[in-house]
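Read off the chains here:
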Amino acid sequence: MEEKEIITQKDPQMQMFSQLMEGILKKLERYCSTARPMLGGDVYLTGDEVCKLLQLSPRTLQDYRDNGTIAYCKIGGKILYRQSDIQAMLERHYYPISKKQG
């Protein structure tokens, strides 16, 4: 390319650059719509988010709170769940398939 060459939007290089930037922008928008801010190194989820994540009804989630199956924070009337606590609960209740002795 010459030093004084003018690049327009119709140039193949600019079209390719524009498509690349549009793809990056779409990925960034998807990330921003799902990303959660961290507090103290952890992500906090609402009850609705936990229900969707674990495919639970709100009543079952309440039962898990009441019987101590899942940890939670209650501030005023708002209940939040640490993502790491949910992961720990799943690991505590994980029962791997045992290999049959043959």
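Starting afresh in each chain, residues are numbered from 1 along the sequence in its written order. Under the rules for a predicted model, residues below a pLDDT of 70 receive no local features and side-chain atom pairs below 80 are neither given nor counted, while totals for whole chains, interfaces and linings still include all residues. No hydrogens and no water enter the side-chain calculation; it runs on all heavy atoms of the structure.

Chemist: Help me out: how do you make sense of the overall build of the chain in this one?
Modeler: Along the backbone of the chain there are four helices and four strands. Listing each helix as α and each strand as β along the chain from the N terminus yields α-β-β-α-α-β-β-α. Taken against the 2.2 N^0.38 rule, which gives 13 Å for 102 residues, the C-alpha radius of gyration of the chain at 24 Å runs more than 25% over that of a compact globule. In the chain, the share of contacts with a sequence separation of at least 24, taken over all contacts with a separation of at least 6, comes to 43%. With residues, only the protein chains shown are counted as cover, and all accessible areas are computed by Shrake-Rupley using a 1.4 Å probe. A total of about 9000 Å² of accessible surface is found on the chain, and carbon and sulfur atoms cover 55% of it. Taking the 15 positively charged and 13 negatively charged side chains of the chain as two groups, their mean positions are separated by 10 Å. Runs of E in the DSSP output that reach at least two residues are strands. Runs of H or I that reach at least four are helices, and both are numbered from the N terminus. In this description the radius of gyration comes from C-alpha coordinates, and the expected globular size is given by 2.2 Å times residues to the power 0.38. Contacts between residues were defined by any pair of non-hydrogen atoms, one from each residue, lying within 4.5 Å. Just so you know, the count uses Lys and Arg for positive and Asp and Glu for negative, and it drops His and the chain ends. In this description, the location of a charge corresponds to atom NZ of lysine, CZ of arginine, CG of aspartate or CD of glutamate.

Chemist: Sorry, what's going on with the environment of Ile70 here?
Modeler: Mapped onto the fold, Ile70 is located in the loop between helix 3 (58-66) and strand 3 (73-75). Exposure is judged per residue with a 1.4 Å probe applied to protein chains only, and the accessible area is read against the type maximum: over 50% gives exposed, under 20% gives buried, and values in between give partly exposed. Residue Ile70 is classed as buried on the basis of its relative accessible area of 3%. Along the primary structure Ile70 and Glu91 are separated by 21 residues, whereas in three dimensions their C-alpha atoms are 12 Å apart. Not counting chain neighbours up to four residues away, the residues in contact with Ile70 comprise Val50, Leu61, Tyr64, Arg65, Tyr81, Ile86 and Met89.

Chemist: How should I be thinking about the pattern of salt bridges in this particular structure?
Modeler: Once the charged atoms of two side chains with opposite charge are near each other, the side chains can pair. For salt bridges, the criterion is a side-chain nitrogen of Lys or Arg within 4 Å of an Asp or Glu carboxyl oxygen. Inspection of the entire model under this criterion finds three salt bridges. Between Asp42 and Arg82 there is a salt bridge, with its nearest N and O atoms 3.8 Å apart. Of this pair, Asp42 sits in strand 2 (residues 42-46) while Arg82 sits in strand 4 (residues 78-82), placing them 40 residues apart in sequence. Exposure remark for Arg82: the relative accessible area of 32% places this residue in the partly exposed category.

Chemist: Would you mind going over the sheet that holds strand 4 with me for this structure?
Modeler: Sheet strands pair by backbone hydrogen bonding; their relative direction is either parallel or antiparallel. Criterion used throughout: strands pair if DSSP finds at least two bridges between them. On the basis of which strands lie adjacent, the open sheet formed by four strands has the order 1-2-4-3 and antiparallel pairing. The sheet is open, and its two edges are formed by strand 1 (38-39) and strand 3, each paired on a single side. Inspection of the sheet shows strand 1 paired to strand 2 by two bridges, in the antiparallel sense. Within strand 2, the residue paired with Leu39 across the bridge is Asp42. Axis lines are fitted through C-alpha atoms, for helices just across the contact stretch, and the angle between N-to-C directions can take any value from 0 to 180 degrees. Contacting strand 2 and strand 4, helix 2 (residues 47-54) crosses the sheet at an angle of about 90° to strand 2.

Chemist: Please explain the pairing of strand 4 as it appears in this structure.
Modeler: Each regular strand displays side chains that alternate between the two surfaces of the sheet. Pairing of strand 2 with strand 4, which is carried by three bridges, proceeds in the antiparallel orientation. The residue of strand 4 that forms the bridge with Thr46 is Leu80. Hairpin remark: strand 3 followed by strand 4, antiparallel, with two residues in the connecting loop; positive phi at Gly76, about 65°.

Chemist: Sorry, what's going on with unusual backbone geometry here?
Modeler: Of all residues except glycine, most have a negative phi; of all peptide bonds, most are trans. Phi at Gln55 takes a positive value of approximately 55°, unusual for a residue other than glycine. The class for Gln55 is exposed, based on a relative accessible area of 73%.

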